[in-house]
Amino acid sequence: MGGGGGGSVKDVKSKGEIDSLRQSGAPVVLHFWASWCDASKHMDQVFSHLSTDFPNSHFLRVEAEEQPEISEEYSVSSVPFFVFFKDGKVVDKLEGADPSSLANKVAKVAGSINPGEAAAPASLGMAAGPTVLETIQDLAKENGSSQMGNQVQPRLSDALKNRLQQLIDSHPVMLFMKGSPEEPKCGFSRKVVDILKDERVKFGTFDILSDNKVRDGLKKFSNWPTLPQLYCKGELLGGCDIAIAMHESGELKEVFRDHGVDIIGTEQGVGGISEPTGLSRNLDSRLRSLINSSPVMLFMKGKPDEPKCGFSHKVVEILKQEKVDFESFDILLDDEVRQGLKVFSNWSSYPQLYIKGDLVGGSDIVLEMQKSGELKRVLAEKGIIKKETPDDRLRKLISSSPVILFMKGTPDAPRCGFSSKVVNALREEGVSFGSFDILTDDEVRQRLKVFSNWPTFPQLYYKGELIGGCDIVLELRNNGELKATLSG
């Protein structure tokens, strides 16, 4: 068996380096990362500490976009992404920022933990040293532990309310955004920054990615579920779409004027992204024309049917899944566009996705938006796809699983006795089922009563058809008919 990496992380520059270490038979862990991705940076801290705790394993770091051959070989489509080798073979993979799972998988490859043990910091015991455990716990606090997802969210403390109000009041115009005005971390934040620059107003900002308490607390405090959020003299104006509409109608300028907001002189620069770029007028005009050549425009490496990098491939697949018609531009064929667009958009990597002329972001942001449903909402609001009606949403939920239970709470933590009884009946019969917690969505809770013409919960559906509530389910079980009803 070959020696390990000696407690350090090595940056890989060629496929041959990986192949050589694989042949040694020693445990090898690859971290595919990108310099622009905050999640990669967070996970790199854990990765570095793990290399110290497991000096007999090799810890290799690959900059995904700079090493497309290696990324393609291991089907890397987003970062962070980890590949685990033992005895020269790939034995596991991990996609996304999950520090405790990373530590557990490393420990398993290194032989310190039995397969099947829970991937949680507390289960690692002596497998990981105190430094990595502390790092995992700090990151869990920073990013919000996934294990908290099913718990009832506490009310805002008076201290947090006071802090949020102080932040809101700290500037006449205050923007809570992802990143900073110089380096926005999402297309929507960037757009609002550009609007404020175009309006020539002084404004303060707060990077909500730097403080998870502020990020989550502000949504509840303002009763506004998304970010960025723009405030004027302590009053919420809204998010990106509202700021755009107010800007285009001239209403935003009136609001600033009516509230006595200072206007910056023309010597400070006007126009957001175009004039400070230093791009030639011809190139600036060409880029604007390309961006607006289709309602949905993707600047990518390669073509949709032949992507030349995993990140471009990922965005193409997402757009296809959302059934969106789009045009694309292969930046590998035109270096002037490739380099110029980075300056024009102030976005340093590819792919770049634009909707109705507005930059949405790259692969990670598009993936996050798809998972949260925000991408579908934006596409609908921009008129790209048909807006989903409440009844459309209910039909989709009802059809999301052959057997679906609308209940109070979750199967593992029911919040009412009737829901608990139905869960137990289904489990006793060995029926697999999906569930939806109606306590988390009042619109679903109220509309489903009308949609199904059934006034109470829980409600059980099979292949889109209502079976009934608790009494009917128990009656079917007692008569020996439940399993047959749900498998016919």
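Note that the structure is a prediction, hence the values are computed from the model and not measured. (Residues numbered from 1 in each chain as written. Predicted model: local features only at pLDDT ≥ 70, side-chain atom pairs only at ≥ 80, totals over all residues. Heavy atoms only, no water.)

A. Structural context of the overall build of the chain. A count of helical and extended segments in the chain gives 20 helices and 21 strands. A total of 488 residues make up the chain; the buried ones form 46% of that total. Total accessible area computed for the chain in this model is approximately 24300 Å², and 47% of it derives from carbon and sulfur atoms. (Helix = DSSP H or I, 4+ residues; strand = E, 2+ residues; numbered from the N terminus. Buried < 20%, exposed > 50% of the residue type's maximum accessible area, 1.4 Å probe, protein only. Areas by Shrake-Rupley, 256 points an atom, 1.4 Å probe, with all protein chains shown as cover.)

B. Inspection of the nonpolar core at higher detail. Of all hydrophobic cores here, the largest spans 57 residues; its most connected members are Leu 196, Leu 230, Phe 256, Leu 298, Phe 299, Leu 319 and Leu 341. Among the nonpolar cores identified, the runner-up in size contains 20 residues, and Val 12, Ile 18, Ile 70 and Val 76 belong to it. (Core = buried A, V, L, I, M, F, W, Y, C linked by side-chain atoms within 4.5 Å.)

C. A look at unusual backbone geometry. With omega at 5°, the peptide bond leading from Tyr 350 into Pro 351 counts as cis. Secondary-structure assignment places Pro 351 in the loop between helix H13 (335-345) and strand E14 (352-355). Of note, the amide linkage connecting Phe 457 to Pro 458 takes the cis form, showing an omega dihedral of 10°. Structurally, Pro 458 can be placed in the loop between helix H18 (442-452) and strand E20 (459-462). Positioned with a positive phi, Arg 200 is a non-glycine residue whose angle comes to about 60°.

D. A look at the sheet that holds strand E19 (residues 434-437). The sheet built from four strands is open, its strands ordered E19-E16-E20-E21 with mixed pairing. Looking at strand neighbours, the two that pair on one side only are E19 and strand E21 (465-468), the edges of this open sheet. Strand-to-strand twist across the sheet, computed as the mean angle between neighbouring axes with direction ignored, equals 25°. Pairing analysis gives four bridges linking strand E16 (residues 403-407) to E19, with the strands arranged parallel. When the bridges of E19 are listed, Leu 405 appears paired with Ser 435. In this fold helix H16 (residues 390-398) packs onto E16, E19 and E20, with an angle of close to 120° to the strand it touches most, E16. (Pairing = 2+ DSSP bridges. Axes fitted to C-alpha atoms, helices over the stretch in contact; angles between N-to-C directions. Contact = heavy atoms within 4.5 Å.)

E. Representation of the pairing of E16. Here E16 lies mainly inside the structure; five of its five residues are buried. Side chains of E16 alternate between two faces, with Val 403, Leu 405 and Met 407 and Ile 404 and Phe 406 buried alike. Relative to E20, E16 runs antiparallel, the two sharing four bridges. Residue pairing for E20: Leu 405 is matched across the bridge by Leu 460.

F. Up close: the packing of aromatic side chains. All chains considered together, the criterion is met by 11 aromatic pairs. Pairing Phe 47 with Phe 82 gives two aromatic rings, centres 5.9 Å apart and planes at 45°, and the pair type is tilted. Residue Phe 47 is located in helix H2 (residues 38-53), and its partner Phe 82 is located in strand E4 (residues 81-86); the two are separated by 35 residues in the primary sequence. Classification of Phe 82 by relative accessible area gives buried; the value is 0%. When the centroid spacing of 5.7 Å and the interplanar angle of 80° are considered together, the rings of Tyr 74 and Phe 85 count as edge-to-face. You can see Tyr 74 sitting in the loop between helix H3 (68-73) and E4 and its partner Phe 85 sitting in strand E4, a full 11 residues away along the chain. Here the two residues Tyr 74 and Phe 85 agree in accessibility, since each one is buried. Taken together, Phe 32, Tyr 74, Phe 81 and Phe 85 form an aromatic cluster joined through their ring pairs. Taking NZ or CZ as reference, Arg 61 lies 5.2 Å from the ring centre of Trp 33, over its face. (Phe/Tyr/Trp six-rings, centres within 6.5 Å; stacked < 30°, edge-to-face > 60°. Lys NZ or Arg CZ within 6 Å of the ring centre and 35° of its normal.)

G. Layout of the pattern of salt bridges. Applying the stated criterion across every chain, the model contains 23 salt bridges. A salt bridge links Lys 253 to Glu 199; the nearest nitrogen and oxygen atoms lie 3.3 Å apart. With Lys 253 in helix H10 (residues 251-258) and Glu 199 in helix H7 (residues 187-199), this residue pair connects regions lying 54 residues apart in the sequence. Classification of Lys 253 as partly exposed rests on a relative accessible area of 49%. One salt-bridge network, held together by shared partners, links Asp 11, Asp 44 and Arg 61. (Salt bridge = Lys/Arg side-chain N within 4 Å of Asp/Glu carboxyl O.)

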